[in-house]
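# Summary of structural features
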Amino acid sequence: MPLTERPAVVPPPVAGRAAVSVEIATGARLAEIQSEWRDLAARADVANVFMHPVLVALGTRYPNTRSVTLLAWRDNGGNRQLLGLWAFTIGRAPRCILPISALTAPPFAHAYLAAPVIDRDALDETLQAMLDRIAGDPALPNILALDGMRGEGATMQALARVLDARGSTARVLRRSVRPMLACRRDTAPSADKILSASTRKKLRQHRRRLAEQGALESMTITEPEAIGRAVDDFLNLEAAGWKGRERSALLCNPPDATFTREMMSALAPHGEAWIHALTLDSRPISMQIVLRAGATAFTWKTAYDEALRDFSPGMLLLEDYTAAFLADPRVETADSCAYDESSFMAVWDGREAMAELWLEARRGGAAAFTHLSRLQDIYLRLRARAKAARARLRRRG
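Residues numbered from 1 in each chain as written. Predicted model: local features only at pLDDT ≥ 70, side-chain atom pairs only at ≥ 80, totals over all residues. Heavy atoms only, no water.

### Considerations on the packing of aromatic side chains
- Here the structure, examined in full by the defined rule, presents 9 aromatic pairs.
- Between the aromatic rings of F108 and F259, the centroid separation amounts to 5.2 Å while the plane-to-plane angle is 40°, which identifies the pairing as tilted. With a gap of 151 residues between them, F108 in the loop between β4 (102-105) and β5 (117-118) and F259 in helix α10 (residues 254-267) connect regions that are remote in the sequence.
- Assessed through its relative accessible area of 4%, F259 is described here as buried.
- Pairing Y112 with Y339 gives two aromatic rings, centres 5.9 Å apart and planes at 80°, and the pair type is edge-to-face. One end of the pair, Y112, is in the loop between β4 and β5; the other, Y339, is in the loop between β12 (333-335) and β13 (350-360), with 227 residues separating them in the sequence.
- Since its relative accessible area comes to 10%, Y112 is described here as buried.
- Grouped by ring-pair contacts, the aromatic residues F50, Y62, F108, Y112, F259, F298 and Y339 constitute a single cluster.
- The cationic tip of K301 hangs over the ring face of W300; the distance from NZ or CZ to the ring centre is 5.6 Å.
- Just above the ring of W274 sits the side chain of R330; from NZ or CZ to the centre is 4.7 Å. (Phe/Tyr/Trp six-rings, centres within 6.5 Å; stacked < 30°, edge-to-face > 60°. Helix = DSSP H or I, 4+ residues; strand = E, 2+ residues; numbered from the N terminus. Buried < 20%, exposed > 50% of the residue type's maximum accessible area, 1.4 Å probe, protein only. Lys NZ or Arg CZ within 6 Å of the ring centre and 35° of its normal.)

As structure tokens, this is what we get:
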């Protein structure tokens, strides 16, 4: 499948503009570019919080993790400007049975977007320079495995143009659709238009019945000290539910819990992380962790008290933070971080095309990449068919 239907024509270089240089950054280097990152996120086509230098650096602490982060710069007469950041881990691609090494993005567990963060006015030249940097380093794999690229928009169109100009190849392995919420003041619907009238009526009934059991309160937790306590409440609430029983809760894996605590501690003071909570007699019954990069909010993780599932505490809180996003002047888009439209986030009416793809960094392409990516495509298709067949058998049984 092609990356995009748009014609792949790379615009010519702008006369007098300095060339883009690319460095490979370490964890210590990432700690030095916090202000440059925030400036870039405001200029980027895709403000991907999962490329935040703090998160990338924390991700390198996971056991047996090999990471590489590309920083693209332009020197404007001594004023160095960050044009792009793209982080990867080195290892086997997701759901790959082939014995090959790849640069994989997102760069750590529990991340839901693989797109590079690039200045919207320098997409083509920055992508060219980044791919050249990868191809020119014999220590780096030439295959990029990207699980969670936005399938449309300027970044994907630029990637298609750049690959075409390089004679390189890419293979789209899977396409999906992710719920999104448009929050721009001039185009966003009002909060009462997001949910249907019948759904709002049902939620009012649930809210009233919960309030009969105790003091029901919806809150947004932003203070750094309060965030620390709320994170522990979230971890315990999540672990008490089905994720805890399946050992997939963050608290079940100490590195995940440490990552979460340190991430929230680092981002909250800058207004880049907060928690929405619904409490009953001061006890959390539903919680949502939100991360932000530029003008995009990401609903990272959610948890609720399963003993109160009949009252839909997760949906009650979604109603509250949806209204909060629409009223927040910092937020223009909310990304659900959902894999598809099957979750309760599907009540948001916006949709973002998503794609999983492999591409090759080297110019000219190679028969080996074409063969390997085709095998991976076949494997994933067979895997999906087998999964669907098992689901049909379970329904019949």
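Past the structure itself, the notes keep going.
### Focus: the layout of surface pockets
- Reported here for the largest pocket is a volume of approximately 1100 Å³.
- Taken together, 37 residues line the largest pocket, and the ones lying closest to its centre are P94, R95, D147, R174 and Y339.
- Counting residues per element, the ones that place at least two in the lining of the largest pocket are β3 (79-91), β4, β6 (143-150), β7 (170-182), β13 and α12 (367-396).
- The dominant element in the lining of the largest pocket, judged by the number of residues it contributes, is α12, at 6 residues.
- Split into classes, the residues belonging to the lining of the largest pocket amount to 18 nonpolar, 8 polar and 11 charged.
- Taken as a whole, the second largest pocket encloses approximately 720 Å³ of empty space.
- W242, K243, T302, S343 and F344 are the residues nearest the centre of the second largest pocket, which is lined by 28 residues in total.
- Of all the secondary structure elements, the ones that give two or more residues to the lining of the second largest pocket are α8 (224-239), α9 (242-245), β11 (296-304) and α11 (313-327).
- Residue contributions to the lining of the second largest pocket peak at 6 residues, all from β11. (1 Å grid on protein atoms, 1.4 Å probe; cavity = no way out; pocket = protein on both sides within 12 Å on 5 of 7 lines; lining within 4 Å. Points joined across faces, edges and corners; volume = space filled by probe spheres on them. Nonpolar A, V, L, I, M, F, W, Y, C, P; charged D, E, K, R; others polar.)

### Here we look at the pattern of salt bridges
- Inspection of every chain in the model, using the stated rule, returns 30 salt bridges.
- Here R74 and E125 are joined by a salt bridge, their closest N and O atoms 2.4 Å apart. In this pair, R74 sits in strand β2 (residues 67-76) while E125 sits in helix α4 (residues 123-135), placing the two residues 51 residues apart along the sequence.
- The partner of R95 in a salt bridge is D147, and the shortest N-O contact between them spans 3.1 Å. Of this pair, R95 sits in the loop between β3 and β4 while D147 sits in strand β6; the two residues are 52 residues apart in sequence, bridging distant segments of the chain.
- What makes R95 partly exposed here is its relative accessible area of 30%.
- Of the residues examined, D147 reaches a relative accessible area of 17% and is grouped as buried.
- When salt bridges that share partners are traced, they join R95, D147, R174 and E356 into one network. (Salt bridge = Lys/Arg side-chain N within 4 Å of Asp/Glu carboxyl O.)

### Some points on the packing of α8 against α10
- One way to put it is that α8 packs onto α10 with a least axis distance of 10 Å and a crossing angle of 150°. With respect to each other, α8 and α10 are oriented roughly antiparallel. For the pair α8 and α10, the crossing hand works out as right-handed. Note on element contacts: α10 touches α8 through A257, T260, R261 and M264, opposite I227, V231, D232 and L235.
- Among the residues forming the contact of α8 with α10, the class breakdown is 5 nonpolar, 1 polar and 2 charged. (Axes fitted to C-alpha atoms, helices over the stretch in contact; angles between N-to-C directions. Parallel < 35°, antiparallel > 145°, perpendicular 65-115°, else oblique. Left-handed = near helix turned anticlockwise from the far one by under 90°. Contact = heavy atoms within 4.5 Å.)

### Comments concerning the pairing of β13
- Burial analysis of β13 places 9 of its 11 residues in the buried class, which makes it a mostly covered element.
- Bridging between β6 and β13 involves 7 bridges; their strand directions are antiparallel. Of the residues in β13, the one forming a bridge with R150 is M354.
- Pairing geometry for β7 and β13, over 10 bridges, is antiparallel. (Pairing = 2+ DSSP bridges.)

### Concerning unusual backbone geometry
- In this model, A105 is joined to P106 through a cis peptide bond whose omega is 10°.
- Mapped onto the fold, P106 is located in the loop between β4 and β5.
- The backbone of R247 sits at a positive phi, close to 65°, despite the residue not being glycine.
- Of the residues examined, R247 reaches a relative accessible area of 59% and is grouped as exposed.

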